Amino acid sequence: MTNLNTLTISEARDRLKAGDITAVELTESCLSEIEGAKALNAFVHDTPEISREQAKAADARLAKGDAPAMCGIPLGIKDLFCTKGVLSQAGSAILEGFKPEYESTITQQLWDSGAVMLGKLNMDEFAMGSTNETSTYGNAINPWRRGNDTAQLTPGGSSGGSAAAVAADLCLGATGTDTGGSIRQPAAFTGITGIKPTYGRCSRWGVVAFASSLDQAGPMTKSVRDAAIMLEAMSGHDAKDSTSADLAVPNFEAALTGDIKGKKIGIPKEYRMDGMPDEIEKLWADGTAMLKDAGAEIVDITLPHTKYALPAYYVIAPAEASSNLARYDGVRYGHRATLAAGEGIDDMYEKTRAEGFGHEVQRRVMIGTYVLSAGFYDAYYNRARKVRTLIKRDFEQVFDAGVEAILTPATPSAAFGLGDMADADPVQMYLNDVFTVTVNLAGLPGISVPAGIDKQGLPLGLQLIGRPWEEGDLLNVAYALENAAGFVSKPSKWW
Amino acid sequence: MSIDKETAARVAHLARIRVADEALPALAEEFNAILGFIEQLNEVDVDGIEPMTSVTPARLKRREDVVTDGNQQEKILANAPDAREGFFAVPKVVE
């Protein structure tokens, strides 16, 4: 008998509805798997009591026969989401001990649909990082290894715990968030699927803010179908987030026909980077051929401002972060530094933030402060916002010409070793997001689909970018790619 | 544009993050690496381009100006490092 924790969401849904398995059995299977996977450091706060209670309630609802698709499905929740009465620290020491008195809109929607919370997942501090190495909880570990080599690899970041947990079958799906690639890059590094929907598709209320004009949550799952099911449950307008779109949420799963005949798929020449590894180049060419074989029309396109996306991002995201993170001052929640006699409130702010924020967060907050400071605001911040307009326009022109989706690599490499980037300068690390960050700047939906294995035995992902609000179409192209790629590999269990 | 130790100290203070004196030169160097990368933006012709204010053009919704929430003093103070008599407590700010 298969261990229930290895099921996909769609398989589990069907078996739960058929009465073949119970939510309690499914949840217990995940809980015992989590117990045995401490070495991955993916789950950082376990909530077995909550999950058992929710699983029982899900079974009762299933028995009545009116259960939604997510009913009884055990999930992991990224630590960035506020969950009532459960530690929510955004991977930061400055939120040490923070137990929200409220529930984020997205997680509330998931619980309302009957999903089960297994616990909170590791992540880079305040979602700033591409390796999960900036977390106050320590590194999350990628379940994948290079063959028999026991070196620990990064699961990517910032949603590294979510990616590791889904890839290792500790849960059926997980929430992630993506500001510059934080769902798609870790999904690619761990051989799973991750979608960042259109900006405004999911409410940001109750999700700890990093860069508000770029942040969007999305599901991280074992298949494209699962991503469609879970995204639907997470989406929708929320009066508490004025940037959430008041648009009907389509049945995304119904869009998965696998038929992409005649669809125009764009291949952007600017994504062919100097020094790109042959294997990434080949994966991209293979993916292009697969979509063509499935009947799509492949067209070469140009997105001329691509090169400027990362530098624009590293102005806009830190600027917004410096403003958002101003709230961590030691007054209302989290850590407060101990003061010496005679020290005043400014000492309290400065010492609290020096002790509570890790190095990368401090660096980004300070860069943001600098680019927003008097005399530099126009030169840096306003210029970056103008470049952002141009980046979005590049995409609009391509879509206006009839292109329905764009295919690119998800990452410039496979997962690398933890600590490998320790001596790299910050810009080297930022290059991880080179293929994903444009999508956030333009507010578009983007999905990473596992599409191959490299020579070292590590998974590689391809990214598809869609038109705004057309997640259904995008998921369908991803579904066709998934079918053609036939990626079924799993990491062999060493933990 | 190069950031020196003094500028790094000023930025750290603006951001209300204490940085030890001996850490400032390395910090200034990191700033310079990042700002050097950002300088590329100067190559782009942005004449006549509007800075983006909203990535998905949408009019902010309006609602009636009424109280919709409140009376949650205990919940609001529940996570405070120091709360007394229904207030957040901080070091003395006025003499």
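Residues numbered from 1 in each chain as written. Chains lettered and ligands numbered in written order. Predicted model: local features only at pLDDT ≥ 70, side-chain atom pairs only at ≥ 80, totals over all residues.

A look at the overall build of chain A
Alright, step 1. Regarding its fold elements, chain A presents 15 helices and 11 strands.
Alright, step 2. For chain A, whose C-alpha radius of gyration is 21 Å, the value lies close to the compact-globule estimate of 23 Å for 495 residues.
Alright, step 3. Dimensions of chain A along its principal axes, counting C-alpha atoms only, are 70 × 55 × 50 Å.
Alright, step 4. When the 495 residues of chain A are sorted by exposure, 62% land in the buried category.
Alright, step 5. Of the contacts made within chain A by residues no fewer than 6 positions apart, 78% connect residues no fewer than 24 positions apart. (Helix = DSSP H or I, 4+ residues; strand = E, 2+ residues; numbered from the N terminus. Rg over C-alpha atoms; globule rule 2.2 N^0.38 Å. Buried ≥ 20, exposed ≤ 12 C-beta atoms within 10 Å, placed from the backbone. Contact = placed C-beta atoms within 7 Å.)

Description of the overall build of chain B
Alright, step 1. The secondary structure content of chain B amounts to three helices and two strands.
Alright, step 2. Moving toward the C terminus, one meets the helices and strands of chain B in the order α-α-α-β-β.
Alright, step 3. Against the 2.2 N^0.38 benchmark of 12 Å for 95 residues, chain B shows a C-alpha radius of gyration of 23 Å, more extended than a compact globule.
Alright, step 4. By principal-axis analysis of the C-alpha atoms, chain B measures approximately 55 × 45 × 25 Å.
Alright, step 5. When each of the 95 residues of chain B is scored for burial, the buried share is 15%.

Looking at unusual backbone geometry
All names here are of chain A.
Alright, step 1. In this model, G157 is joined to S158 through a cis peptide bond whose omega is 5 degrees.
Alright, step 2. Positioned with a positive phi, N41 is a non-glycine residue whose angle comes to about 50 degrees.
Alright, step 3. Following the sequence through the fold, N41 ends up in the loop between α2 (23-35) and β1 (43-46).
Alright, step 4. Classification of N41 by C-beta neighbours within 10 Å gives buried; the count is 21.
Alright, step 5. Phi is positive for W469, which is not a glycine, with a value near 65 degrees.
Alright, step 6. On the basis of neighbour count, W469 is assigned to the partly exposed category, with 18 C-beta atoms found within 10 Å.

Comments concerning the sheet that holds strand β9 (residues 405-409) of chain A
All names here are of chain A.
Alright, step 1. Strands sit in the order β1-β3-β2-β4-β6-β5-β10-β11-β9-β7-β8 across an open sheet of 11 strands; the sheet is mixed. Edge positions in the open sheet fall to β1 and β8 (297-301), since each of these has one partner strand only. The sheet shows a mean angle of 30 degrees between the axes of neighbouring strands, direction not considered.
Alright, step 2. In terms of strand pairing, β9 meets strand β11 (residues 459-466) through five bridges, oriented antiparallel. For L407, the partnering residue across the bridge sits in β11 and is L464.
Alright, step 3. Along the sheet, helix α7 (residues 224-234) makes contact with β4 (173-178), β5 (193-196), β6 (216-221) and β10 (446-453), crossing β6 at roughly 145 degrees. (Pairing = 2+ DSSP bridges. Axes fitted to C-alpha atoms, helices over the stretch in contact; angles between N-to-C directions.)

Here's the deal with the nonpolar core
Residues and elements named next belong to chain A.
Alright, step 1. In terms of nonpolar packing, the biggest core is built from 166 residues, with L75 and L464 touching the most fellow members.
Alright, step 2. For this core, the element with the most residues is helix α9 (residues 309-324), which contributes 10 residues.
Alright, step 3. Setting aside chain neighbours within four positions, we find L75 in contact with L110, A115, V116, M117, L118, C171, L172, G173, A174 and T175. (Core = buried A, V, L, I, M, F, W, Y, C linked by C-beta atoms within 7 Å.)

Quick notes on the interface of chain A and chain B
Alright, step 1. Between chain A and chain B, the residue contacts involve 54 residues of the former and 36 residues of the latter.
Alright, step 2. The set of elements that each furnish at least two residues to the side of chain A that touches chain B consists of α9, α10 (345-356), α11 (359-372), α12 (377-400) and α13 (426-430) of chain A.
Alright, step 3. It is α12 of chain A that provides the largest number of residues to the side of chain A that touches chain B, a total of 11 residues.
Alright, step 4. When its residues are assigned to classes, the side of chain A that touches chain B shows 28 nonpolar, 12 polar and 14 charged. (Nonpolar A, V, L, I, M, F, W, Y, C, P; charged D, E, K, R; others polar.)

Section: the environment of M429 of chain A
Residue and element names in this part refer to chain A.
Alright, step 1. Looking at where M429 falls in the secondary structure, it is placed in helix α13.
Alright, step 2. The class for M429 is partly exposed, based on 18 C-beta atoms found within 10 Å.
Alright, step 3. Once residues within four sequence positions are removed from consideration, M429 is found in contact with S130, M421 and A424.

Don't take any of this as a statement about function, it's just geometry.
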